[in-house]
Amino acid sequence: MIDLITRYIGIYLLVSLFVSSNHTYAQPTECPDPDTLEAVPIEKIHEVEKALRILVPIAYEVGEFPELYSEWKVVSLKPFPQTVGKKEDQDYYGMAKNFCGKEVADQSWLVRLHFPKVKAASGSQGQIFVAKKEGRGWSVWFKYH
């Protein structure tokens, strides 16, 4: 009987890991149209910070345990071109260029987040790629974790 229970627990954990991994690290479902994006320079960082108050809850306070993501802190916030030479950030720029092209990446921002209520080290970190569409405001076009 214990072997059967252990087997079911193992299968459940394996399936859970596959489903969450598959969802968390997928490519964006749709890339922004670069012709509709507005380049936002670093001098307008306050505009991005203000938009995050809306974007982060939309991106993270969904699914199971949304309360774990109700508190967050920005770890890093910069336009993708400014991540070059910053070891902890520049790989995300490569991802953005690979997913949606250099033109989209160059008009997007990397947002690295920390969720203090999440106790797992990997789960407490989040990264989103955001861009501003002319006349339509900010949106998250990719959520890495």
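Here's a quick rundown of the structure. (Residues numbered from 1 in each chain as written. Predicted model: local features only at pLDDT ≥ 70, side-chain atom pairs only at ≥ 80, totals over all residues. Heavy atoms only, no water.)

Attention now moves to the overall build of the chain. Broken down by element type, the chain carries four helices and five strands. When the helices and strands of the chain are listed from N to C terminus, the series reads α-β-α-β-α-α-β-β-β. Within the chain, the fraction of its 145 residues that count as buried is 34%. Restricting to contacts in the chain with at least 6 residues of sequence separation, those with at least 24 account for 63%. Of the roughly 9200 Å² of accessible surface on the chain, a fraction of 58% belongs to carbon and sulfur atoms. (Helix = DSSP H or I, 4+ residues; strand = E, 2+ residues; numbered from the N terminus. Buried < 20%, exposed > 50% of the residue type's maximum accessible area, 1.4 Å probe, protein only. Contact = heavy atoms within 4.5 Å. Areas by Shrake-Rupley, 256 points an atom, 1.4 Å probe, with all protein chains shown as cover.)

As enumerated under the stated definition, the model contains six salt bridges in all. Between Asp89 and Lys78 there is a salt bridge whose closest N-O contact spans 2.8 Å. With Asp89 in helix 3 (residues 87-100) and Lys78 in strand 2 (residues 73-79), this pair connects stretches of sequence that are eleven residues apart. The exposure class assigned to Asp89 is buried, which follows from its relative accessible area of 0%. Each of the salt bridges in this network shares a partner with another, and the network as a whole consists of Glu38, Glu47 and Lys132. (Salt bridge = Lys/Arg side-chain N within 4 Å of Asp/Glu carboxyl O.)

This brings us to the nonpolar core. Counting 18 residues, the largest nonpolar core has Tyr60, Ile128, Val130 and Trp138 as its most contacted members. Taken together, the elements giving at least two residues each to this core come down to helix 2 (45-60), strand 3 (108-114) and strand 4 (125-133). Examining the composition of this core, we find that seven residues originate from one element, helix 2, more than from any other. By size, the runner-up hydrophobic cluster in this structure holds 15 residues, among which are Tyr93, Ala105, Leu110 and Trp141. (Core = buried A, V, L, I, M, F, W, Y, C linked by side-chain atoms within 4.5 Å.)

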